[in-house]
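Tertiary structure, described
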Amino acid sequence: MEDETFTDISGKSICLDCQSHSSFCREFTVSSPKVSIGKVMVYTCSVWLLAYAVFFLTQNTAVLSSAILITLVGMMFHIHFVKVDHETLLVIGSLGIQVSSSYASGREITTFIEMSKIKDIVINEAIYMHQIIYYLCVLLKDPSEPSAVSSVVPLFQSSKPRLNCLVKVYKSCQEILSKSQ
Amino acid sequence: MVENSPSPLPERAIYGFVLFLGSQFGFFLYCLWAFIPEDWLHSIGLTYWPQKYWALAVPIYLLVALTISLLLLLGVNFSNTAPLHSVDNITDVYAQGQRTECTRKGGIPRLKDVSISEVNKMFYLSPESGANTN
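Residues numbered from 1 in each chain as written. Chains lettered and ligands numbered in written order. Predicted model: local features only at pLDDT ≥ 70, side-chain atom pairs only at ≥ 80, totals over all residues. Heavy atoms only, no water.

Looking at the sheet that holds strand E8 (residues 131-142) of chain A
All names here are of chain A. Just so we agree on the cut-off: For two strands to pair, DSSP has to find at least two bridges joining them. Counting from the N terminus, the helices are the DSSP runs of H or I reaching at least four residues and the strands are the DSSP runs of E reaching at least two. Under this scheme, a helix contributes an axis fitted over its contacting stretch, all axes are lines through C-alpha atoms, and angles between N-to-C directions fall in the 0 to 180 degree range.
If you trace the 3 strands from one edge of the open sheet to the other, you get E7-E8-E9, paired in antiparallel fashion. The two strands at the open ends of the sheet, each matched to only one other strand, are strand E7 (118-128) and strand E9 (145-154). For this sheet, the mean angle separating the axes of adjacent strands, direction not counted, is 35°. Note: E8 against E9, 6 bridges, orientation antiparallel.

Structure (structure tokens):
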């Protein structure tokens, strides 16, 4: 089995893990790289040096304490709300799919979509800022109108893998979906 | 029926030259008004002209407005782009309303919008011959 290195749309390496629990249940996990200690130190030092420079000019000690507070609160906010550690897609044939993303602080957000609402899982291309990217998405249908797409749920939004990773997940999902629909 | 085409015509050459002369003359008048001191203009009898402040202000206003409008255009384009979770990336009113084909035997199929599921199957699920399609 060749060991492909997957990257996201900006070139950072990510990790794809496919687990096949049974013939109709598969789980895919895309993990982003962890927060690097070097980047944390660079940000903290620059903010503190800037605060010290302002303190040097204004002689106001509140600047220093507010800088410390800002860095602490900022780091906590970042690891709890912004930094995604890994995203998981669990496909269970004839039951539904479960999408979950866990943040660096351990917080997990999970969504379950039942199979009757799912029309298909496809790879679509769309304009994202200044570029066009491939992304995997779930097409949802209204049970009353089975031929029309009612809404779209994009998957792996924080890690945004490239096409080679998406094609692997797509082929695997289609094996299960074609059996259960 | 006269055909409209963008090719050069004598009338268009005349219009262009008239516009060129007119704009050069207008610029010459503007420079006259901007540089001649107010007293001289009053002494001729031309008293009701705008303040000289506007000789500088109007060009600067126009250039700043041009720059901001370029940035604004970029911003409007970005904000009008459909987000990734929008149905507009998948289909639209015209594709959903297209009539299903009633093929005659041996006839060319009607031109239609292929659904994204079919496109995906053709690109990613078909055997390696599908990978060579352009």
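Here we look at the domain arrangement of chain B
All names here are of chain B. Heads up, the condition is: Boundaries between domains were set according to an automatic or database domain assignment. Whether two residues touch is decided by their heavy atoms; if any such pair falls within 4.5 Å, the residues are in contact. Reported buried area values correspond to the accessible surface (1.4 Å probe) lost by two parts on association, with both partners' losses combined. Criterion for a salt bridge: a side-chain nitrogen of Lys or Arg within 4 Å of a carboxyl oxygen of Asp or Glu. Distance and chemistry together define a polar contact, namely a pair of N or O atoms within 3.5 Å, with one atom able to donate a hydrogen and the other to accept it when in protein, and with adjacent residues in sequence counting only for side-chain atoms on both sides.
What the domain assignment reports for chain B is domain 1 (10-48) and domain 2 (50-81). In this complex, domain 1 contributes 6 residues to the contact, which on the side of domain 2 involves 6 residues. With both chains or domains summed, domain 1 and domain 2 bury close to 500 Å², and 54% of this area falls on carbon and sulfur atoms. At the junction of domain 1 and domain 2, the tally comes to 0 salt bridges. Run the count over domain 1 and domain 2 and you get 3 residue pairs in polar contact (both at pLDDT 80 or more). No other element matches helix H1 (residues 10-35), which puts 3 residues into the side of domain 1 that touches domain 2.

A short note on the nonpolar core
Definition in use: The nonpolar core is taken to be a set of buried Ala, Val, Leu, Ile, Met, Phe, Trp, Tyr and Cys residues, with the residues joined through side-chain atoms within 4.5 Å. Under the scheme applied here, a residue whose accessible area is under 20% of the maximum for its type counts as buried, over 50% as exposed, and between as partly exposed, the area being computed with a 1.4 Å probe on protein chains only.
Within the largest apolar cluster, 28 residues are counted, with the highest numbers of intra-cluster contacts made by Leu-89, Ile-97, Leu-136 and Val-169 of chain A. Within the residue set of this core, elements represented by two or more residues are strand E2 (13-22), strand E3 (25-31), strand E4 (84-92), strand E5 (96-103), E7, E8 and helix H3 (163-180) of chain A. Those residues in contact with Val-169 of chain A that sit more than four places away from it in its chain are Leu-16, Phe-28, Leu-89, Leu-136 and Phe-156 of chain A. Core analysis: the next-biggest nonpolar cluster, separate from the first, contains 12 residues, Ala-126 and Val-152 of chain A together with Leu-84 and Ile-90 of chain B among them.

Let's talk about the packing of aromatic side chains
Going by this rule: For this analysis, a ring pair means two rings from Phe, Tyr or Trp (six-membered ring only for Trp) whose centres lie within 6.5 Å, classed as stacked if their planes differ by under 30 degrees, edge-to-face if by over 60, and tilted for the remaining angles.
Applying the stated criterion to the full structure yields 8 aromatic pairs over all chains. Ring plane angle 45° and centroid distance 5.1 Å describe the contact between Phe-77 of chain A and Phe-81 of chain A, whose orientation is recorded as tilted. With a gap of 4 residues between them, Phe-77 of chain A and Phe-81 of chain A both fall in helix H2 (residues 62-82), about one helical turn apart. The class for Phe-77 of chain A is partly exposed, based on a relative accessible area of 49%. For Phe-81 of chain A, a relative accessible area of 41% translates into the label partly exposed. Measuring from centroid to centroid gives 5.9 Å for Phe-123 of chain B and Tyr-124 of chain B, while their planes differ by 55°, and the two rings are tilted.

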